[in-house]
Amino acid sequence: MKILEASGISKVFGGLTAVSKVDFHIDEHEIVSLIGPNGAGKTTFFNLLTGIYEPTEGRVDFLGAELKKSKPFEITKLGMARTFQNIRLFSSMTVLENVMVGQHCRTSSSIFDALLHLKRHKLEEVRIRSVCEEILEFLDLTQYKDEIAVSLPYGIQRHVEIARAMASSPRLILLDEPAAGLNTNEKVEMTTLIRKIRDRGFTVLLIEHDMKLVMGISDRVAVLDYGNKIAEGKPEEIMKNDRVIAAYLGKGAEQNA
Amino acid sequence: MTNLMTVLRNLIFYSVILFVAIQVLARFFDFASKKLIKVGGGKKKLLIAGVGVFALVLPLLLAGEPYILRTSVMVLLYIVLALSLNIVLGQAGQLSLGHSAFYALGAYTMAILTVSFGVNFWIALVAGGVVAGIFGFVLGIPTLRLKGDYLAIVTVGFGEILRLILINWGTFTRGPAGIPGIPSPSFFGMAVKGNTGYYYIILVMVIVTIIISKRLEDSRLGRGLAAVKDDEIAAESMGVNPANMKILAFVLGAVIAGFAGGFFASFVHYVNPDNFTYMESVTILTMVVLGGLGSIPGVIVGAVILAILPEALRDISTYRYAIYGILLAMMMIIRPQGMISLDSLKRRSAADENPRSIWNFKSFRRSNGR
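Everything quoted here is computed from the prediction, not taken from an experiment.

Rules and cut-offs
Residues numbered from 1 in each chain as written. Chains lettered and ligands numbered in written order. Predicted model: local features only at pLDDT ≥ 70, side-chain atom pairs only at ≥ 80, totals over all residues. Helix = DSSP H or I, 4+ residues; strand = E, 2+ residues; numbered from the N terminus. Rg over C-alpha atoms; globule rule 2.2 N^0.38 Å. Buried ≥ 20, exposed ≤ 12 C-beta atoms within 10 Å, placed from the backbone. Contact = placed C-beta atoms within 7 Å. Nonpolar A, V, L, I, M, F, W, Y, C, P; charged D, E, K, R; others polar. Pairing = 2+ DSSP bridges. Axes fitted to C-alpha atoms, helices over the stretch in contact; angles between N-to-C directions. Parallel < 35°, antiparallel > 145°, perpendicular 65-115°, else oblique. Left-handed = near helix turned anticlockwise from the far one by under 90°. Domains from an automatic or database assignment. Expected span 1.5 Å × (residues − 1). Bend = angle between axes of the 7 residues up to and from the residue. pLDDT = per-residue confidence, 0-100.

A.B. asks: Can you help me understand the overall build of chain A in this one?
C.D. replies: Of regular secondary structure, chain A possesses eleven helices and ten strands. Whereas a compact globule of 257 residues would reach a radius of gyration of roughly 18 Å, chain A reaches 19 Å, a difference of no more than 12%. Counting only C-alpha atoms, chain A reaches 65 × 40 × 35 Å along its principal axes. When each of the 257 residues of chain A is scored for burial, the buried share is 47%.

Structure (structure tokens):
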């Protein structure tokens, strides 16, 4: 089942076409990767899917409905969550609080419920806490839950961001370079983690530069170059694709991977 | 020329004193915070109860000291105002420099309703909160697209426009002459006479405001506000609607400031536009920044210090705003997080929920390092 489908979407900034007529889809429970050289339009493409930018042309369908001028928070509520290339955790909050923000769109207590401590508020708070603690447990982050999130090591912060995205109970998780800046060990952990997320029932879209990671876990890989999709297919096919090798992988990629 | 030299000399002198004072206070509050980490839940309740009892019996202790009691009422009033601005600035991160406008709306609503229409104090108090809240909403909407400096400019403009309306709309507000003769409230038929009655009314308002701030902070909406403050784009991507959060903060902050204004009008029995200048907003802002943005105990400490300071320094009152300015600048350089920062509170509450959690983490890291 197609969970997300982009049909012919483009994004033009002034005279620059950052994304040009890209067709793309993701099936449920897939891990799909988006690769390409720096400046190929990967993050712009992400921002088009999540509603931060509006496509200049084309349409995006998510769970069978068109995302037309939807705001990012509305799209999150529909079931799409993301992480950021340069980690954007909430700096004044602990790990648990960061993750609890993820539950915001799944709860509905009003200001009066909160100020008067009505039953709805109390029940919801208990539920938010238990959902989030379960997610932290799942990602082995329980020991950090009361630490200020941004004071933690970089690798842990990446995991916290994924926990926060999971807390919004999404169908599709978009990871923007989750392995950037991680060391070899941490990259291996990240690979395991992404698989774990998928096995839990989430669908994953990944932007990543680390070929070992991408080729190891992806069901399907799409390659962007100068805003155009130049190839799409199984990892093995992509590694042999001449255009991809010329544009991105370079010679000797096969030995590396 | 000699005059100028004296002013400069005095300013430098006060700067040095402020510098030392900030350092000393900072050490003191750091020390107190650290001590409080070790204080258990039971003792902490005892401490809060102690402060509560002290606040309750204070008017009895000050029976022969009307001036000090009156100052205490003003201190409590500023705690309410500072906490109301803290919701906008500390919890939601929206720089509002027009907070005295909401305070003024509450005060003038009280004045006009009670003097011209003979409305009961309590109804007028609530009406003041409602009117301020409506204007908070009205101000909230155009500011949704604005951030930081631009938002600050619009809020300054809002405050000034309101003050000018109060001065010029003579038939309604009596212009610069102000509205005198605002009556005292009565409580179940008993007239509230003198400072003691007002003291207890404002004490209740302080307690309610603290509870509101605390409950807001611990709710999903409070976390939404903090998320918008920390990173609006990330907040929006996590499903938080920043527009709703900002409007919520503006309205709630305005309502509380409106209540404070209504109380003030009745307490001094007289309002005029000079009570609600831009400097009043700056004073409240300084309290929040000095105490610690977003930290409830911090803001209370800030309000207490800065409400007492002008009374203690009556002799140099000409330098009052210069001192506020220097204080703000110095705080930003020396201690931007405020006296009792939100960060230190988080660590503390984390520690007393589970006293070993921090230790565990450290030991984990240490063993990892080996």
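Structure shown, so let's carry the discussion forward.
A.B. asks: Any chance you could explain the overall build of chain B here in plain terms?
C.D. replies: Summing up its helical and strand segments, chain B has 16 helices and four strands in all. For the C-alpha atoms alone, the extent of chain B along its principal axes is close to 80 × 55 × 50 Å. Every one of the 370 residues in chain B was classed for burial, and the buried ones make up 43%. Within chain B, residue pairs in contact and separated by at least 24 positions form 79% of the contacts whose partners lie at least 6 positions apart.

A.B. asks: Hey, could you run me through the interface of chain B and chain A in this one?
C.D. replies: Taken together, the contact between chain B and chain A spans 31 residues of the former and 35 residues of the latter. For the side of chain B that touches chain A, the elements supplying multiple residues, two or more each, are α8 (194-217), α9 (220-230), α10 (232-237), α15 (342-353) and α16 (357-369) of chain B. By residue number, the principal contributor to the side of chain B that touches chain A is α9(B), which donates seven residues. Here the residues of the side of chain B that touches chain A sort into 14 nonpolar, nine polar and eight charged.

A.B. asks: Help me understand the sheet that holds strand β8 (residues 203-207) of chain A in this model?
C.D. replies: Backbone hydrogen bonds hold the strands of a sheet together, and the pairing may be parallel or antiparallel. All names here are of chain A. Pairing in this open sheet of six strands is mixed, and the strands run β6-β7-β8-β3-β9-β10 from one edge to the other. Edge positions in the sheet fall to β6 (80-82) and β10 (228-233), since each has one partner strand and no second. Across the sheet, the mean angle from the axis of one strand to that of its neighbour is 20°, orientation sign disregarded. In this sheet, β10 lies alongside strand β9 (residues 220-225) in antiparallel orientation, the contact comprising five bridges. If you follow Val221 over to β10, its bridge partner there is Gly233. With respect to the sheet, helix α7 (residues 184-199) is in contact with β3 (31-35), β7 (172-176) and β8, its orientation differing from that of β8 by roughly 150°.

A.B. asks: It is not clear to me how the sheet that holds strand β2 (residues 16-27) of chain A should be interpreted in this structure. Could you clarify?
C.D. replies: All names here are of chain A. What the four strands build is an open sheet, ordered β2-β1-β4-β5; its pairing is antiparallel. Among the strands making up the open sheet, the edge pair consists of β2 and β5 (65-66). Strand direction decides the pairing type here: strand β1 (residues 2-13) and strand β4 (residues 57-62), joined by five bridges, are antiparallel. Considered in β4, the bridge of Ser7 is made with Arg59.

A.B. asks: Explanation requested: the packing of helix α12 (residues 278-291) of chain B against helix α13 (residues 296-312) of chain B in the structure shown.
C.D. replies: To describe two helices that pack against each other, one gives the angle between their axes and the distance between the axes. All names here are of chain B. Relative to each other, α12 and α13 sit at 130°, their axes nearing to 7 Å. Regarding the angle of α12 to α13, the classification is oblique. Pair α12 / α13 crosses with right-handed handedness. Contact with α12, carried on its side by Thr283, Thr286, Met287, Val288, Leu290 and Gly291, involves Gly298, Val299, Ile300, Val301, Gly302, Ala303, Ile305 and Leu306 of α13 and no other residues of that element.

A.B. asks: In this structure, what is going on with the domain arrangement of chain A? I would like to understand it.
C.D. replies: When the parts of a complex come together, some accessible area is lost, and that lost area is often taken as the interface size. Residues and elements named next belong to chain A. Along its sequence, chain A is organised into domain 1 (1-79 + 203-257) and domain 2 (80-169). Across the contact, ten residues belong to domain 1 and six residues belong to domain 2. Contributing elements (two or more residues each) for the side of domain 1 that touches domain 2: α1 (42-50) and α2 (72-78). Looking at the side of domain 1 that touches domain 2 element by element, the count peaks at five residues for α2. Broken down by class, the residue content of the side of domain 1 that touches domain 2 amounts to five nonpolar, four polar and one charged.

A.B. asks: Whenever I open this one, the packing of helix α4 (residues 99-117) of chain B against helix α6 (residues 148-168) of chain B confuses me. Can you help?
C.D. replies: Residue and element names in this part refer to chain B. Relative orientation of the contacting elements α4 and α6 amounts to 30°, with a least axis distance of 8 Å. When the axes of α4 and α6 are compared, the pair comes out roughly parallel. Of the residues in α6, those touching α4 at Ser100, Ala101, Ala104 and Tyr108 are Phe158, Gly159, Leu162, Arg163 and Leu166. Of the residues that constitute the contact of α4 with α6, the class distribution is six nonpolar, two polar and one charged.

A.B. asks: Quick question: what am I supposed to make of helix α3 (residues 66-91) of chain B here?
C.D. replies: Residue pairs three or four apart in sequence face the same way in an α-helix, which turns once every 3.6 residues. Residues and elements named next belong to chain B. Given a rise of 1.5 Å per residue, 26 residues ought to cover 38 Å, and the 36 Å separating the end C-alpha atoms of α3 matches this to within 8%. Considering bend angle alone, the principal kink of α3 is centred on Leu85 and spans about 35°. The positive-phi residue at the C-terminal boundary of α3 is Gly93, with phi of around 70°.

A.B. asks: When you look at the pairing of β3(A) in this model, what are you seeing that I'm missing?
C.D. replies: Here is the key point about a regular strand: its side chains alternate between the two faces of the sheet. Residues and elements named next belong to chain A. Of all five residues in β3, five are buried; the element is thus mostly enclosed. Burial along β3 is two-sided: the residues Ile31, Ser33 and Ile35 and Val32 and Leu34 are all buried. Bridge analysis of β3 against β9 gives four bridges, and the strand direction is parallel. The partner of Leu34 across the bridge, within β9, is Ala222.

A.B. asks: Is there a simple way to think about unusual backbone geometry in this case?
C.D. replies: Of all residues except glycine, most have a negative phi; of all peptide bonds, most are trans. All names here are of chain A. A positive phi angle, close to 50°, is found at Lys69, a residue other than glycine. Inspection of the secondary structure puts Lys69 in the loop between β5 and α2. Classification of Lys69 by C-beta neighbours within 10 Å gives exposed; the count is 8.

A.B. asks: Help me understand helix α3 (residues 95-102) of chain A, please; the structure alone is not making it clear to me.
C.D. replies: Burial analysis of α3(A) places eight of its eight residues in the buried class, which makes it a mostly covered element. All of the buried residues along α3(A) are A:Val95, A:Leu96, A:Glu97, A:Asn98, A:Val99, A:Met100, A:Val101 and A:Gly102. Of the surrounding secondary structure, the elements contacted by the buried residues of α3(A) are α5 (119-138) and α6 (154-166) of chain A together with α9 of chain B.

A.B. asks: Mind showing me how you'd approach the environment of B:Asn195 here?
C.D. replies: Residue and element names in this part refer to chain B. Looking at the secondary structure, you find Asn195 in helix α8. C-alpha separation for the pair Asn195 and Gln337, spaced 142 residues apart in sequence, amounts to 35 Å. Residue contacts for Asn195: discarding those within four places in its chain leaves Pro66, Leu69, Arg70 and Val73.

A.B. asks: What is the right way to read the environment of B:Ser237 from this model?
C.D. replies: The residue B:Ser237 is located in helix α10 in this model. Sequence-wise, B:Ser237 and B:Gly148 are 89 residues apart; in three dimensions their C-alpha atoms are separated by 20 Å. Apart from the residues lying within four places of it in its own chain, the contact partners of B:Ser237 are A:Thr50, A:Pro72, A:Thr76 and A:Arg82.

A.B. asks: I would appreciate a short explanation of the confidence of the model for chain B in the present structure.
C.D. replies: Reading fine detail from the predicted coordinates is not recommended where pLDDT is low. Residue and element names in this part refer to chain B. A residue-level look at chain B finds 92% of positions with pLDDT of 70 or above and a mean pLDDT of 83. A low-confidence stretch, residues 348-370 (pLDDT under 50), is modelled with 19 contacts involving residues beyond four sequence positions or located in other chains. If you check the scores for this complex, the pTM reads 0.85 and the ipTM reads 0.87.

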